[in-house]
Amino acid sequence: MASYLHADRSAPQPPDRGTLDALITQARTLRGRLDAVRRDADEEGEPDPEAAGADPRTRWRRALCELAVHQLDDLGSQLDQLREGMPPDTPRAWPSADQPPGEAAADTPGAAYPAARPSGEPAPSRRDRVGSAEWNLLTDEVSWSPELYGIFGRTGRDGPLSLDELPSWVDPEDQPALAAAFTDCLVDGRAIDQEFRLVRPDGSVGTVHMVGEPVLDGDGSTASMWAVVRDVSALRRSEHTVRQTRDSLQRERHLARTEHKLAVELQEAVLPPWRGSLRFPQGDERTTGALDLAAHYLPSASSSLIGGDWYDAMELPGGATLLTAGDLTGHGVTATSGMAMLLGAVRGMALAGVGPGALMGHLNQLLDSTAQPSLGSALCCRYEPRARTLTWAQAGHPAPLLFRGGVGSVLPRPEGVLLGVTSGAAYGQHTVELQPGDLLVLHTDGLAPDDALRPSGPGPRSAAPHAGGARLLSLADRFIAARSAQECVRTVAEAFADREREDDACVLVARVTS
């Protein structure tokens with residue numbers, strides 16, 4: 001049971017003023033530093049946390065700042081009141097950080113700090129945050145401090161509320177708990193430590209925290225009850241905002257993880273599950289002009305999202321081989337599902353005997369007619385092993401790289417704009433004859449950071465490579481020394497491991513066997 005207070009007991013003495021001055025100075029310094037953190041966030045150009053579409057992480061950070069502001073404001077006002085013994089009749093401003101705690105700035109009247117608050121809500125004065133009251137049970141006299149009138153939205157003319165009247169000002173859901181707290185205090189001598197919602201005359205609802213104890217007379221009977229009431233409305237609003245933004249951020253992270261998992265599963269289901277080199281056409285290894293094939297997917301170094309990059313090689317009827325690579329804009333499930341649609345269309349049309357140029361035209365029409373329009377680049381090659389000819393077309397995509405005799409070059413590009421840019425676009429195709437030992441490298445434009453920024457226009461077709469292509473050309477000596485397409489792919493993975501790619505990428509290597 002809590003210790004009883006007797007009416008004739010002397011009031012406790014206030015703490016040492018020097019200690020309180022030091023605490024006040026520390027609190028004021030913390031408040032100033034917090035303001036600096038908030039200003040830095042504003043200067044970084046973070047969007048309004050209340051704006052539609054604002055980043056949940058930004059809203060959460062702002063909400064934490066607002067909560068810290070309210071807590072420091074409350075701490076400052078309580079320390080100030082503790083220092084003075086009782087709150088002053090008019091609010092006294094806290095001085096700036098370079099002023100002693102006992103000196104107030106003449107031009108800064110009002111609250112100790114400009115408390116953060118919802119837009120349009122007037123700033124509460126410091127003296128309105130904490131009030132005190134005493135209810136004398138012997139004389140029915142009630143004494144309220146001026147601050148308590150402000151908390152309840154009453155005036156001195158209205159007079160204070162008795163213990164019987166007070167519950168009617170409380171939210172109906174909180175009335176039973178408050179009544180029980182009063183009973184425990186007056187009958188059992190227990191201290192009050194209760195929070196409840198207060199309904200003011202103007203209809204506004206605030207949250208207050210009450211602490212109090214019974215005061216006993218000389219006979220041990222309850223003579224009166226005193227209480228200190230603190231308005232914690234702004235603090236609770238800030239805590240609620242922090243919880244909301246934290247939950248929003250957690251939901252966003254969960255959705256991102258789920259989307260990433262779905263995108264990875266879809267990508268793995270669509271892209272060829274190669275684990276080493278392949279040989280097309282399959283069968284008799286003595287067939288001249290066959291291709292030794294290998295490919296690799298390189299994830300983005302700056303994002304966990306899966307993009308719409310693809311690669312593929314497939315043996316076609318009659319012994320020809322399809323080689324393709326491409327990239328659909330965007331990330332996540334939308335990009336990977338669009339990639340799956342395009343790659344399926346490429347495979348189907350190639351099996352039907354559609355040439356690379358016409359195939360690109362059909363892909364452009366398909367992408368242009370989808371419900372969610374997007375852009376993409378693509379490269380499609382048809383290789384005939386008997387004649388060792390490569391017929392290829394492109395749609396805004398980096399051209400294949402040809403390595404012959406230890407020297408790398410970029411194949412001249414036929415006409416072709418990005419997929420989805422315009423309806424009815426025409427796509428040309430070129431044919432080049434390959435030689436035994438030639439190495440062909442197809443790649444997407446996210447291989448190096450500059451690739452994604454450089455436009456890939458239709459021509460006339462200069463042989464200038466993208467940034468990733470230029471880096472690949474510098475690997476000519478290592479490609480020649482490699483014994484298989486798989487070793488060439490491993491060389492590419494090692495060479496680009498140090499690059500901070502902003503996008504994912506694919507590379508496909510095809511070597512013409514002797």
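As the structure is a computational prediction, the values presented were derived from the model and not from experiment.

**Student:** Help me out: how do you make sense of the confidence of the model for the chain in this one?
**Tutor:** A low pLDDT score tells you not to read the predicted coordinates there in detail. Per-residue confidence for the chain gives a mean pLDDT of 79; residues scoring 70 or more make up 75%. Counting interchain partners and residues more than four positions distant, the pLDDT-below-50 stretch residues 49-54 has five contacts. Contacts of residues 86-127 to residues separated by more than four positions or lying in other chains number 88 contacts, the stretch itself having pLDDT below 50.

**Student:** Just checking my understanding: could you explain the sheet that holds strand β9 (residues 307-315) for this structure?
**Tutor:** Sheets are built from strands paired through backbone hydrogen bonds, the pairs being either parallel or antiparallel. The five strands are arranged β9-β10-β11-β12-β15 in an open sheet whose pairing can be described as antiparallel. With one partner strand each, in any of the chains shown, β9 and β15 (430-433) form the two edges of the open sheet. Taken over all neighbouring pairs, the strand axes of this sheet differ in orientation by 15° on average, direction set aside. In this sheet, strand β12 (residues 389-395) lies alongside strand β11 (residues 376-384) in antiparallel orientation, the contact comprising seven bridges. Along β12, the bridge assignment pairs Leu379 with Gln394. Contacts between helix α6 (residues 332-351) and the sheet are confined to β9, β10 (321-331) and β11, with β10 contributing the most and set at about 155° to the helix.

**Student:** I would appreciate a short explanation of the packing of aromatic side chains in the present structure.
**Tutor:** We describe a pair of aromatic rings using the distance from one ring centre to the other and the angle between the two ring planes. Counting across every chain of the model gives four aromatic pairs. Between Trp144 and Phe152 the ring centres are 4.9 Å apart and the planes differ by 45°, which places this aromatic pair in the tilted class. For Phe152, a relative accessible area of 1% gives the class buried. Ring centres 6.2 Å apart and planes at 55° place the aromatic pair Phe152 and Trp169 in the tilted group. Of this pair, Phe152 sits in helix α3 (residues 146-152) while Trp169 sits in the loop between α3 and α4 (175-188), and the two are 17 residues apart along the sequence. Here Trp169 falls in the buried class, since its relative accessible area comes to 15%. Feature note: the residues Trp144, Tyr149, Phe152 and Trp169 constitute an aromatic cluster, connected by ring pairs.

**Student:** Looking at this structure, I do not really get the sheet that holds strand β17 (residues 505-512). What am I missing?
**Tutor:** The antiparallel open sheet is built from six strands, whose spatial order is β7-β8-β17-β16-β13-β14. Two strands bound the open sheet, and with one partner strand each, they are β7 (278-280) and β14 (407-410). Recorded for the sheet is a direction-independent mean angle of 25° between the axes of neighbouring strands. Taken strand by strand, helix α10 (residues 485-495) contacts β8 (291-298), β16 (439-443) and β17, and its axis lies near 25° from that of β8.

**Student:** Please explain the pairing of β10 as it appears in this structure.
**Tutor:** Each regular strand shows side chains that alternate between the opposite faces of the sheet. Burial of β10 is extensive: eight of the 11 residues sit out of reach of the surface. Taken together, the nine bridges between β9 and β10 define a ladder with antiparallel strand orientation. What sits directly across from Ala313, in β10, is Leu323. In sequence, β9 turns back onto β10 through a hairpin of five residues, with Gly318 there showing a positive phi of about 90°. In terms of strand pairing, β10 meets β11 through eight bridges, oriented antiparallel. Across the sheet, the residue bridging to Asp327 is Ser377, located in β11.

What counts and how
- Throughout, a residue's number is its position along its own chain's written sequence, starting from 1.
- Whole-chain, interface and lining totals are the exception, using all residues; otherwise, since this is a predicted model, local features are given only for residues with pLDDT of at least 70 and side-chain atom pairs are given and counted only at 80 or more.
- Values shown for side chains rest on all heavy atoms present in the structure; no hydrogens or waters enter the calculation.
- Every residue gets a pLDDT, meaning the predictor's confidence in that residue, from 0 to 100.
- Whether two residues are in contact is decided by their heavy atoms: any pair within 4.5 Å suffices.
- The rule for pairing is simple: two strands pair if DSSP sees at least two bridges between them.
- Runs of E in the DSSP output that reach at least two residues are strands. Runs of H or I that reach at least four are helices, and both are numbered from the N terminus.
- Throughout, an axis means a line fitted to C-alpha atoms (over the contacting stretch in the case of helices), and angles, computed between N-to-C directions, take values from 0 to 180 degrees.
- The aromatic pairing rule takes the rings of Phe, Tyr and Trp, using the six-membered ring of Trp, and pairs them if the centres are within 6.5 Å, calling planes under 30 degrees apart stacked, those over 60 edge-to-face and the rest tilted.
- Here the term buried applies to any residue with accessible area under 20% of the maximum for its type, exposed to any over 50%, and partly exposed to those in between, with areas from a 1.4 Å probe on protein chains only.

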